[in-house]
Amino acid sequence: MLSVKSLNTEYLSKGGAPVRAAQNVTFSVPEGKLFTLLGPSGCGKTTTLRSIAGLERPTSGEIQAGGQVVYSSGRNIFIAPNRRNFGMVFQSYAIWPHMNVFQNVAFPLEVRRQKPPAREIKDRVMRVLHAVALDHLADREATKLSGGQQQRLALARALVMEPKLLLLDEPLSNLDAKLREKMRFELKRIQRELGLTTIYVTHDQSEALALSHEIAVMSEGQIVQIGSPRDIYERPRTRFVADFIGSTNFIDGVVIGMDPAGSGHWRVRTPIGELRTQGDDSLQQGMSVSLSVRPEDIHLSEGVPAASRDNVLQAIVDQKVFLGEYIDFKVKVGEAELLARAHPSLETPIGDPIHIRVDPEKCIAIPGSTSPASASPGNSTSLEAA
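Residues numbered from 1 in each chain as written. Predicted model: local features only at pLDDT ≥ 70, side-chain atom pairs only at ≥ 80, totals over all residues. Heavy atoms only, no water.

### Side note on the pattern of salt bridges
Just so we agree on the cut-off: Each reported salt bridge corresponds to a side-chain nitrogen of Lys or Arg within 4 Å of a carboxyl oxygen of Asp or Glu. When a residue's accessible area, from a 1.4 Å probe over protein chains only, is under 20% of the maximum for its type it is buried; when over 50% it is exposed; and in between it is partly exposed.
Considering all chains together, one arrives at 21 salt bridges under this definition. Of the charged contacts, one joins Glu141 and Lys144 as a salt bridge, the two residues approaching to 3.9 Å between their closest N and O atoms. In this structure Glu141 comes out as partly exposed when scored by relative accessible area, which is 44%. We classify Lys144 as exposed; its relative accessible area is 55%. Here Asp259 and Arg267 are joined by a salt bridge, their closest N and O atoms 3.8 Å apart. Taking the relative accessible area as the measure of exposure, Arg267 reaches 16% and is therefore buried.

What follows is the structure, encoded as structure tokens:
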């Protein structure tokens, strides 16, 4: 439905030097899917969204939506934003304070060059208000709505135009944590029930994982990985992606070679011992790698695990934090420290020995061992290979 090819967008900084905000951005979104552009501040995700909307004029590339080319540098095409029939919701909802809920949603239809009949306007407004669960508040003053209701009102105002593409620029960033979590479910419900093709921009990893059919992780104006939420989380291709999405442990090592058992795993020498890992065909013997292991994939037990002795190491409990539904443990393996997540029933005291097992299926070998230049890590540990 949406196709973005080799998109480049530049602008001049205050000093006059060109800033390459989007560099060779290429992706496609099938009809009815929610696609997220995810990355830290300044990575180019909002510039890419604004380029799709027509609010920025790219330097080069092509954008096609629903079979219509809305921008092409090669063919000198640039369709104005108001003629693209895209709906957009910004961080600021821009609710009209002097209008009630119904009037706010009806406004885009009222000012159209070809204004629909009054009956059609009413039907369309009430239909989208019902979709966002605000139909019972149609006569309420917009300023009397809660933050979550105002967010849904802004969404209804975008939907009433029946856009072929919905663009959302961090629409939940102004809400508190609990309301933001609730609105994730609401957004997902609305998007799937209406079958809207949606581009969603956020720096919040949890939002991206919860809402998306597919995610593009961006850094310094470029897409560094595209995949499903599970692929992005469980199979990061770069250290930046592993570090930016959630919490992880990094263990630097050197590839020994393929596992002789023929399991498809690799053997990697690390400061905490030799480990079996997952890796792609780009790995080679002697290559430096970073192993990424999520805290929940480091299994703790007071006794030696009976199921397997692969990737089993002895450690000492150094710190632990009770967080209700789980406990975060920091354990020491020699001089190394790893973060592990366990059920609250594990009550091993600080200072006591404990066994850890690193799941080979979830231990991901990433070529190179250079720390990411710009990420927002949760709890990460980086250990250099001996």
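There's more to say after this.
### Things to note about the sheet that holds strand 7 (residues 86–89)
Let me state the cut-off plainly: By this definition, two strands are paired if DSSP reports at least two bridges between them. Every helix listed is a DSSP run of H or I at least four residues long, and every strand listed is a run of E at least two residues long, numbered separately from the N terminus. Between N-to-C directions, angles span 0 to 180 degrees; the directions come from axes that are lines fitted to C-alpha atoms, helices contributing only their stretch in contact. Every residue pair with non-hydrogen atoms within 4.5 Å of one another is taken to be in contact.
Strand order in this open sheet of six strands is 7-8-9-3-10-11, and the pairing throughout is mixed. At either margin of the open sheet sits one strand with a lone partner, and together these are strand 7 and strand 11 (222–227). Within this sheet the neighbouring strands show an average axis-to-axis angle of 20°, counted without direction. Taken together, the four bridges between strand 7 and strand 8 (residues 165–169) define a ladder with parallel strand orientation. Bridge pairing in strand 8 links Met88 to Leu167. Contacts from helix 4 (residues 147–159) reach strand 7 and strand 8 within the one sheet, and its direction differs from that of strand 7 by about 165°.

### Examining the confidence of the model for the protein
Spelled out, the test is: On a scale of 0 to 100, pLDDT captures the predictor's confidence in every residue.
Here the protein shows a mean pLDDT of 89. Residues at 70 or above account for 95%. Considering each helix and strand of the protein separately, the mean pLDDT is smallest for strand 22 (residues 382–383), with a value of 54, and largest for strand 10 (residues 214–219), with 98. Low confidence marks residues 370–379, where pLDDT is under 50. Its contacts with residues over four positions away, or in another chain, come to 21 contacts.

### With respect to the side chain of Gln191
Note that Gln191 resides in helix 5 (residues 177–194). What makes Gln191 buried here is its relative accessible area of 3%. Not counting the four nearest positions on each side in its chain, Gln191 is found in contact with Gly32, Lys33, Leu34, Leu196, Thr198 and His213.

### Quick look at the packing of helix 2 (residues 101–110) against helix 4
Definition in use: Geometric relationships in this document are graded by angle, where less than 35 degrees denotes roughly parallel, more than 145 denotes roughly antiparallel, 65 to 115 denotes roughly perpendicular, and other angles denote oblique. Note on convention: near helix rotated counterclockwise from far helix by under a right angle means a left-handed crossing. Clockwise means right-handed. Classification used: nonpolar for Ala, Val, Leu, Ile, Met, Phe, Trp, Tyr, Cys and Pro, charged for Asp, Glu, Lys and Arg, polar for all others including Gly.
Relative to each other, helix 2 and helix 4 sit at 30°, their axes nearing to 7 Å. Relative to helix 4, the element helix 2 lies roughly parallel. For the crossing formed where helix 2 meets helix 4, the hand is right-handed. Residues Val101, Asn104, Val105 and Pro108 of helix 2 lie in contact with helix 4, whose contacting residues are Leu153, Ala156 and Arg157. Its residues placed into classes, the contact of helix 2 with helix 4 shows five nonpolar, one polar and one charged.

### Here's the deal with the layout of surface pockets
The condition that has to hold: Every definition here rests on a 1 Å grid over the protein atoms only: cavities are sets of points where a 1.4 Å probe fits but cannot get out, pockets are open sets enclosed by protein on both sides within 12 Å along at least five of seven lines, and lining residues have some atom within 4 Å of a point. Grid points are joined across faces, edges and corners, and a volume is the space filled by probe spheres set on the points.
By volume, the largest pocket is sized at about 900 Å³. Lining the largest pocket are 25 residues, with Pro81, Asn82, Phe86, Gly87 and Met161 sitting closest to its centre. Every element with two or more residues in the lining of the largest pocket is listed here: strand 7, helix 2 and helix 4. Residues that form the lining of the largest pocket fall into these classes: 16 nonpolar, four polar and five charged.

### What to know about empty space enclosed by the protein
For the structure on display, the rule yields one cavity of 30 Å³ or more. In this structure, the largest cavity spans a volume of roughly 40 Å³. Leu34, Leu155, Leu159, Leu166, Leu168, Leu187, Ile190, Gln191, Leu196 and Thr198 together form the lining of the largest cavity. When contributions to the lining of the largest cavity are tallied by element, the ones reaching two or more residues are helix 4, strand 8 and helix 5. When residues of the lining of the largest cavity are assigned to their parent elements, the largest contribution, three residues, is made by helix 5. Looking at the lining of the largest cavity residue by residue, the classes come out as eight nonpolar, two polar and no charged.

### Things to note about the nonpolar core
Test applied: Note on terminology: a nonpolar core comprises buried Ala, Val, Leu, Ile, Met, Phe, Trp, Tyr and Cys residues joined through side-chain atoms within 4.5 Å.
Core analysis: the biggest nonpolar cluster contains 35 residues, and Val105, Val125, Leu129, Leu153, Leu155 and Leu159 have the highest contact counts within it. Secondary structure elements with two or more residues in this core: helix 2, helix 3 (118–131), helix 4, strand 8 and helix 5. No other element matches the six residues that helix 4 contributes to this core. Other than its neighbours up to four places away in sequence, Leu159 contacts Val128, Val132, Leu166, Ile190, Leu194 and Leu196.

### Description of the pairing of strand 19 (residues 336–342)
When you tally the buried positions in strand 19, you get five out of seven residues, the bulk of the element. Here strand 18 (residues 327–333) pairs with strand 19 via seven bridges, running antiparallel. Bridge pairing links Val333 to Ala336 in strand 19. Hairpin remark: strand 18 followed by strand 19, antiparallel, with two residues in the connecting loop; positive phi at Gly334, about 65°.

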